Amino acid sequence: MANEFPHDFLWGASISAHQTEGAYQSEGKGLTVQDTRPREDQTIADFTVAVDHYHRYKEDIRLLSELGIQVFRFSLSWARIFPQGRGKVNLKGVEHYHNVLVELAKYKIQPLITLNHFDLPQALEDEGGWSVRSTVEAFREYALFVFREYGAQAKMWLTINEPNIMLLVDKKILGKEIPLAQKYQQFHHLMIAEKYAFQLCHEQIADGKIGPVPNISLVYAATSKPEDNEAALYFNSVRNWAYLDFSCLGRYNAVFQDYLRKNKVNIQFAPEDEEVMTTHFPDFIAMNFYTTVTVESAKNRVDMKNGISDQQSEDIVEKGFYKGFTNPYLSKNEFNWTLDPLGMKTTLQTVYDRYHLPIIITENGLGAQDVLTEDGKIHDDYRIQYLREHITQCLAAIEAGVDLIGYSLWSAIDLISVHEGIRKRYGFIYVDRDEKNEKSFARYKKDSFAWYQNLIAQNGKMEV
Ligand code: BGP
């Protein structure tokens, strides 16, 4: 087995539209659910300006070319192209992404485009969002349009970012709680929409490749008690396999069906769905990974309230099923996210074993409170350490036989965290703004920039 990264391994970096672009009402863009989302804490950097990537994409892409990445994962803002979600096209928005693609081509950076990353057009949300079937139709119209428009410039595509986390942590991401029955009707619509994206990409783009992009983390049992193992079985299914089984195998798996049955959730199928589900499949799996999750049984617990607040699902409670448990063997980062590089390897092995498709990691990274020194430096050795540990496990997964084709970390540039504003920074490139003040938006290279640049130049070889 290989003990080095394949020569065509894709080294990359990732962002999303609403966390970077800003310009939220510029040049004809419609509002999205991220622009209107109620925020618990109004002091966090808002998304209306974000890090001004919309106006500074040329500078950002030039810096990324200096970094040496081969693939840049970004998302299109659906409402920039269709301000009302469907119907009238906004030509300025369409042109913007052509310009971005031209700029990437100039530096030979391959685009990896997410169709939608948490920012559904508000006009569609007003009609019922993913709870109603018409949003699936609007998504088909949008997907068809962008594949035709950009298919000559972009060959690798991703569908809808982390539908699993969006539904599980709805309050944090969308600013509202979705009742359970509606949540899983949304699941069905999101997954059917994704199936149409697979179909349309393959029909419209010569050599086009497309994959789903969920957040996948193995769920461990808190102890060897059979009840805890059962809890892990259910949460693995609800958090992970329900999504990938639908995408890659075209079915509702049995454990997930049982979960739905016990919760008295009935999914409405349209007449064509059975066929759509079982006909269109992805070419690869894109996987976002930050940490693993541990659960114990919540079968006989009456003293608890159902809920979840943590992005990484550690504090999930679902009576009768599972309850989050702090894994005593793992440490945490300063934002309370559990660290588990080996868990990334075993998650990769499990995903590959189940689906036998190539995998690309499209998110993995460390959110931290970086400090800009007076001489314009950011000494983020903690991020280098994090990356070193995780990339080592990528290689271990490849050595163990996993067809891992790339690693694109979160994030290329500092952006507004979904939950915690800009004080939680992820980028290789520091952006001079804080929660309240927009400041200069100047870009600075962090120490991790030089480290990753060197790593890419060596195709993943690390000096210990
Ligand atoms: C993923 C999202 C990203 C990103 C990341 C980090 O769930 O796809 O958009 O934000 O998590 O999360 P956070 O911003 O909450 O730190």
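Since we're looking at a predicted model, the values are computed, not measured.

Conventions adopted
Residues numbered from 1 in each chain as written. Predicted model: local features only at pLDDT ≥ 70, side-chain atom pairs only at ≥ 80, totals over all residues. Heavy atoms only, no water. Helix = DSSP H or I, 4+ residues; strand = E, 2+ residues; numbered from the N terminus. Rg over C-alpha atoms; globule rule 2.2 N^0.38 Å. Contact = heavy atoms within 4.5 Å. Areas by Shrake-Rupley, 256 points an atom, 1.4 Å probe, with all protein chains shown as cover. Lys, Arg positive; Asp, Glu negative; His and termini not counted. Charge placed at Lys NZ, Arg CZ, Asp CG, Glu CD. Buried < 20%, exposed > 50% of the residue type's maximum accessible area, 1.4 Å probe, protein only. Pairing = 2+ DSSP bridges. Phe/Tyr/Trp six-rings, centres within 6.5 Å; stacked < 30°, edge-to-face > 60°. Lys NZ or Arg CZ within 6 Å of the ring centre and 35° of its normal. Axes fitted to C-alpha atoms, helices over the stretch in contact; angles between N-to-C directions. Near = heavy atom within 4 Å. Polar contact = N/O pair within 3.5 Å; in protein donor to acceptor, adjacent residues only side chain to side chain. Nonpolar A, V, L, I, M, F, W, Y, C, P; charged D, E, K, R; others polar. Core = buried A, V, L, I, M, F, W, Y, C linked by side-chain atoms within 4.5 Å. Parallel < 35°, antiparallel > 145°, perpendicular 65-115°, else oblique.

## Thoughts on the overall build of the protein chain
Scanning the protein chain for helices and strands turns up 16 helices and 14 strands. Since a compact globule built from 464 residues should have a radius of gyration of about 23 Å, the 21 Å found for the protein chain is in line with a globular shape. Counting only C-alpha atoms, the protein chain reaches 60 × 55 × 45 Å along its principal axes. In the protein chain, once contacts between residues fewer than 6 apart in sequence are set aside, the share between residues at least 24 apart is 77%. Surface summary for the protein chain: the accessible area is close to 17,700 Å², and the carbon and sulfur share equals 50%. Side-chain charges in the protein chain split into 50 positive and 63 negative, and the spacing between the mean points of these groups amounts to 2 Å.

## Re the pairing of strand β7 (residues 285-288)
What you see with β7 is no split at all: I285 and M287 on one side and A286 and N288 on the other are buried throughout. With four bridges joining them, β7 and strand β11 (residues 359-363) adopt parallel strand pairing. Looking at β11, one finds that M287 is bridged to I361.

## A closer look at the packing of aromatic side chains
For the structure on display, the rule yields 34 aromatic pairs. Residues Y252 and F256 carry aromatic rings whose centres are separated by 5.8 Å and whose planes lie at 0° to one another, so their mutual orientation is stacked. Judged by its relative accessible area of 0%, F256 is buried. Of the aromatic side chains, those joined through ring pairs into one cluster are Y184, F187, Y234, F235, Y243, F246, Y252, F256, Y259, F269, F321 and Y322. The ring of Y196 has R140 sitting right over it, with the charged end atom 3.8 Å from the ring centre. Over the face of the ring belonging to Y430 we find R425, whose NZ or CZ atom lies 4.0 Å from the ring centre.

## Examining the sheet that holds β7
Spatial ordering of the open sheet is given by β5-β4-β3-β2-β1-β12-β11-β7, a layout of eight strands whose pairing is parallel. Edge strands, defined here as strands with exactly one partner in the open sheet, are β5 (209-213) and β7. Neighbouring strand axes in the sheet, compared pairwise and without regard to direction, differ in orientation by 25° on average. Pairing between strand β3 (residues 110-116) and strand β4 (residues 156-161): four bridges, direction parallel. Across the sheet, residue T114 finds its bridge partner in β4, namely L158. Here helix α5 (residues 91-106) sits on the sheet in contact with β2 (71-75) and β3, set at roughly 170° to β2. Each of β1 (10-14), β11 and β12 (404-410) is contacted by helix α15 (residues 381-399), which is oriented at about 165° to β12, the strand it contacts most.

## Examining the site of the ligand
The environment of the ligand is made up of 15 residues, and the closest members are E162, V418, H419, K424 and Y426. Within the side chain of N161, one N or O atom sits 2.9 Å away from an oxygen atom of the ligand. In isolation the ligand exposes 370 Å². Once the protein is present, 100% of that is buried. Residues of the shell around the ligand, tallied by class, amount to six nonpolar, six polar and three charged.

## Structural notes on the nonpolar core
Ranked by size, the top nonpolar core spans 137 residues in total, and within it W157 and Y452 carry the most contacts. With sequence-adjacent residues up to four places away left out, Y452 is seen in contact with W11, G12, L67, I69, I391, Y407, L409 and F428. If you look at the next biggest cluster of nonpolar residues, it comprises nine residues, including V71, M156, F284 and I360.

## A short note on the environment of E127
Checked against the element boundaries, E127 lands in the loop between α6 (122-126) and α7 (133-150). Taking relative accessible area as the criterion, E127 reaches 40% and is therefore assigned partly exposed. E127 sits 31 residues away from H96 along the chain, and the two C-alpha atoms are 27 Å apart.

## A word on the packing of helix α11 (residues 226-249) against helix α12 (residues 254-262)
In contact at an axis separation of 9 Å, α11 and α12 are set at 105° when each is read in the N-to-C sense. By the angle class used here, α11 and α12 are roughly perpendicular. Across from L233, Y234, S237, V238 and A242 in α11, the residues of α12 making contact are V255, F256, D258, Y259 and K262. Here the contact of α11 with α12 is built from residues that sort into seven nonpolar, one polar and two charged.

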